Amino acid sequence: MITPTLHSSPGPATEAGKRFWIKNKDGFPNLLPQIFYQLCLGLSLLTTVAIAEDAPFRPEAGKFPPLEKAHTYRGELIFVDHANRRGSIRVQGSGMFFRNDPHPFAMLPYGIVRYHGAPADLRDIPLGTVMHVHAFLPPDPKTSSVPVLPIDSGKQDANHNRGAGIFPAENHVLLLEDEPSHCQRLGLTWKLKEVQIKSHAGMIIATRQPKKGDDAKATEEPMTFDAATRIWRGRECLSVEELIAEGAWPAEGKKGLNGQSVLLGITWKPTADGIFTRFHISDIWLNETATQRAALNQTETHKAFIRSRWMAAWIDAVEYGKFGRATITATLFGGMDPSLYADFTKGSPALMNPVADTLKHTHGAYGPAHMASKGPIQDVIKLPGEAPLGSSGIQIRFETDLIIEGIRPTRIVRVRPASWPQAQVPREEYLSDSLEERFPSPTIFPKY
Amino acid sequence: MSHPTLQHSTNPSLRWITVLCLGLLLFAASARAEENVFRPEAGRFPPLEKAHAYRGELVFVDHANRRGSLRIESKGIFRFTSPSPFAMLPYGIVRHHGAPADLRDIPLGALLHVRAYLPPDPKTSAVPVLPVNNRTKTNHGGLGTAPAENHALLLEDEPSHCLREGLTWKLQEVEIKNHEGTITATREPKQGGNSKASEETLTFDAATCVWRGREHLRIEHLITEGIWPAEGKKALNGQSVLLGLTWKPTPGGVFTRFHVSDIWLDDEAMQNAAHHQIETHKAFVRTRWLPAWIDAVEYGKFGRATITATLFGGMDASLYADFKPGTAALMNGVENTLKHTEGGTAGPTQMAARGKLLDVIKTPGNVPLGSSGIQIRFETDLITEGMRPTRIVKIRPTSWPDLHLPREEYIGQGSIDERFPTPDIFPNY
């Protein structure tokens, strides 16, 4: 027999359940309604947990996710599969950096890569570069091109002294940027405090802080450099040895650098002395001219890349006409050089093709122009307000006399103004028959 | 009575015997052909002249496993060609900007010259094993775009290739508009011209880097200085330069045309590039140890042994100079991919055989590519498994730093199935 007194410290559920107690004909309480009630409560709690589980933010098709909802981390680029816009990063955690397994990531279709303060493709980033990441959970776990992890993976202790945060489930990237790009976007600079040197290698102590004004709270970070570190000054590319020859740095010993303001390229190399995590300086840009030159070079590389691969966008709306005719409204993705957007002008002819979420063309060996929807750009609209990251803030209205499959609202397309060259993309950058066309193929994992 | 000429086809048993004999003959011939093909043998550096030579664009890199994929040049349409996987031999040499390199140093897209062989042991190949005659096959009009010779002894970029062979690019003419265009050039011996050198048309664009002394210029600077025109054609009178080559999609239905990523205008500029790459590679080898193979082991008592090993070649001379008689050193067994297998997360030093270098011997005669021509004799009081003749090891003089390697560069739990990325990167939808 269960009586309320047996519940030494009745909780709210028990208290509420009492109201449903009905005594049977023998005077014993009938437990069925209570069990029913508790079952309902349990189900309700389960639902709440499930809702909580669903609550984490995922990007939605057709909406650019707000940057502030992204999970941020940084790590070393270890592996690149540029044709599928994915790779692996060794994520910085609280533990021993060298022990961290490379962590797969995928770029969102509108995800932006920046290198040397300019737009880039994954293929432009040297392996080993330390990247800053803003990422989200997979928008649709079923179609993720990288392993889908439990939502709380980023909080789990990875053990073996690796610490927490090295396997975040947020592995779909909106923004991937190297150190100089990160500093330039946020108005930061590295202030060099001291150099310690021997045999053209050693340590620099520096703080990363706002370019304008001083930040007394900025913490000093020691970083290594070596004889392979490049120093960029104006149009010159110097070595550490040349700084020594000029007397700017000593050949041996320490020297104060008085907060000299520079930009740094940062990588990682194995670290002596049991240090958990210490980064390495691959490049130092001593002045604005040098920084601008690096950015310009990368901008030109990326412009040529986009002109040959077409500009990515998504479809906002389709108004169907007769006999295959349609007017398509699309938002161009962001982060590119303005000169590329300037080629989208009212009245100019263009081509549009649906592509995979990896931005791979899908129309086979004849080249993307062969099957593309063709027609004039009817309008180029600057969207009001500040464009969210991922968007260019530019919408086009494109009319075609033969709309092809795949050009539907929220789907990803690529667009080429006819003034761009009609070039054919290489084999690994298009799908011909199936998603299973992979380069390399799974045969790179032989069973011995 | 059957006519003799008909007997052949009308006597079934005789016909079957003939077919069987013919089949056996063909099988034997093909088996002999398979026996006759050259494969590198464990413990011997293969002669360069037996290598299959080709060139292609670097499309994929798995640096931790010393392998990747190349789109190989043929007479067919270059862009149709699927990337073909390759693996570096343990003693295989990578060169970038005229200096030793690791695969991670080569930018994707770089055009590389390859000297490669059939897999030494197909059972343990890290990349797909193809039929021996695959290079005679045609795919999408391209002959030899997936050769079975996919184990590389030498992988070098264009300037490294030219420097090794004493070649130079002579620029004949530039045609330019909006900071991009084509260059006509011939690759020929640096000393003395080559009237037979055929002209090659290469593209360039506003991102092409021009190196002059310590200066990093762009095409627009050459125009500003009046060296190149802003628009139109200009003869360049055979100006001698070195070129970095890549590939980019080509308009105009051209089957194969390469792209100039870099132009080194003078020796100083090329030396600066080589210097940077040498220093990068020196730091790399000092942290990953120098590879070698075991020539002989003389076993002593209680685990003591004296090991003779040949250091692999192609590194900067200063690295070999650190191997001196009497210096202390450490030695570890490694994978054919040069991955450390001992010590796991504790680092390669922990389980290494320790001892000292008894002798450093310069081997007589010509040094084959892959070898340094330097043999060491190393004595240890505790030899570890894996140090057996023909097996691959890595060695660190104790003057080099004691460091821990990143996770993807060692095998932790003794299984070669520890892979980064894992096969999960190929999901089934």
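Visitor: Can you lay out the overall build of chain B for me, pointing to particular residues and giving the numbers?
Guide: Along its length, chain B carries six helices and 21 strands. Counting only C-alpha atoms and orienting by the principal axes, one finds that chain B spans roughly 90 × 75 × 55 Å. Split into buried and exposed, the 429 residues of chain B put 45% on the buried side. A sequence separation of at least 24 residues applies to 68% of the contacts in chain B between residues at least 6 apart.

Visitor: Hey, could you go over the domain arrangement of chain B for me, with residue numbers and the actual values?
Guide: Residues and elements named next belong to chain B. Here chain B is partitioned into domain 1 (48-162), domain 2 (167-280) and domain 3 (290-409). The partner domain 3 presents 15 residues to the 12 residues of domain 1 that form the contact. Put simply, the parts of the chain that give the side of domain 1 that touches domain 3 at least two residues each are strand E3 (84-96) and strand E8 (151-157). For the side of domain 1 that touches domain 3, the leading source of residues is E3, giving three residues.

Visitor: Please set out the sheet that holds strand E18 (residues 328-333) of chain B residue by residue, giving values where relevant.
Guide: Residues and elements named next belong to chain B. A barrel is described by the order of its strands in space; here six strands give the closed sequence E16-E17-E20-E19-E18-E21, paired in antiparallel fashion. Neighbour to neighbour, the strand axes of the sheet diverge by 45° on average, direction disregarded. Pairing of E18 with strand E21 (residues 392-397) involves five bridges; the strand directions are antiparallel. Counterpart to leucine 330 in the pairing with E21 is arginine 396.

Visitor: Which residues make up helix H5 (residues 267-288) of chain B, and what values do they have?
Guide: With 22 residues, H5(B) should reach 32 Å at 1.5 Å per residue; the first-to-last C-alpha distance of 31 Å fits that figure. Of the residues trailing H5(B), Trp289(B) is marked for its positive phi of about 80°.

Visitor: I'd like a rundown of the environment of Asp337(A), residues and numbers included.
Guide: Residues and elements named next belong to chain A. Note that aspartate 337 resides in the loop between strand E17 (326-333) and helix H6 (338-342). It is 13 Å that separates the C-alpha atoms of aspartate 337 and tyrosine 115, two residues lying 222 residues apart in sequence. With residues near it in sequence (within four places) discarded, aspartate 337 still touches Pro119, Thr299, His302 and Lys303.

Visitor: I'd like a rundown of the interface of chain B and chain A, residues and numbers included.
Guide: On the side of chain A, 55 residues touch chain B, which itself brings 56 residues to the contact. Taken together, the elements giving at least two residues each to the side of chain B that touches chain A come down to strand E1 (52-62), strand E2 (67-72), strand E13 (215-217) and H5 of chain B. Residue contributions to the side of chain B that touches chain A peak at seven residues, all from H5(B). Residue composition of the side of chain B that touches chain A, by class: 27 nonpolar, 15 polar and 14 charged.

So, how was this worked out
Residues numbered from 1 in each chain as written. Chains lettered and ligands numbered in written order. Predicted model: local features only at pLDDT ≥ 70, side-chain atom pairs only at ≥ 80, totals over all residues. Helix = DSSP H or I, 4+ residues; strand = E, 2+ residues; numbered from the N terminus. Buried ≥ 20, exposed ≤ 12 C-beta atoms within 10 Å, placed from the backbone. Contact = placed C-beta atoms within 7 Å. Domains from an automatic or database assignment. Pairing = 2+ DSSP bridges. Axes fitted to C-alpha atoms, helices over the stretch in contact; angles between N-to-C directions. Expected span 1.5 Å × (residues − 1). Nonpolar A, V, L, I, M, F, W, Y, C, P; charged D, E, K, R; others polar.

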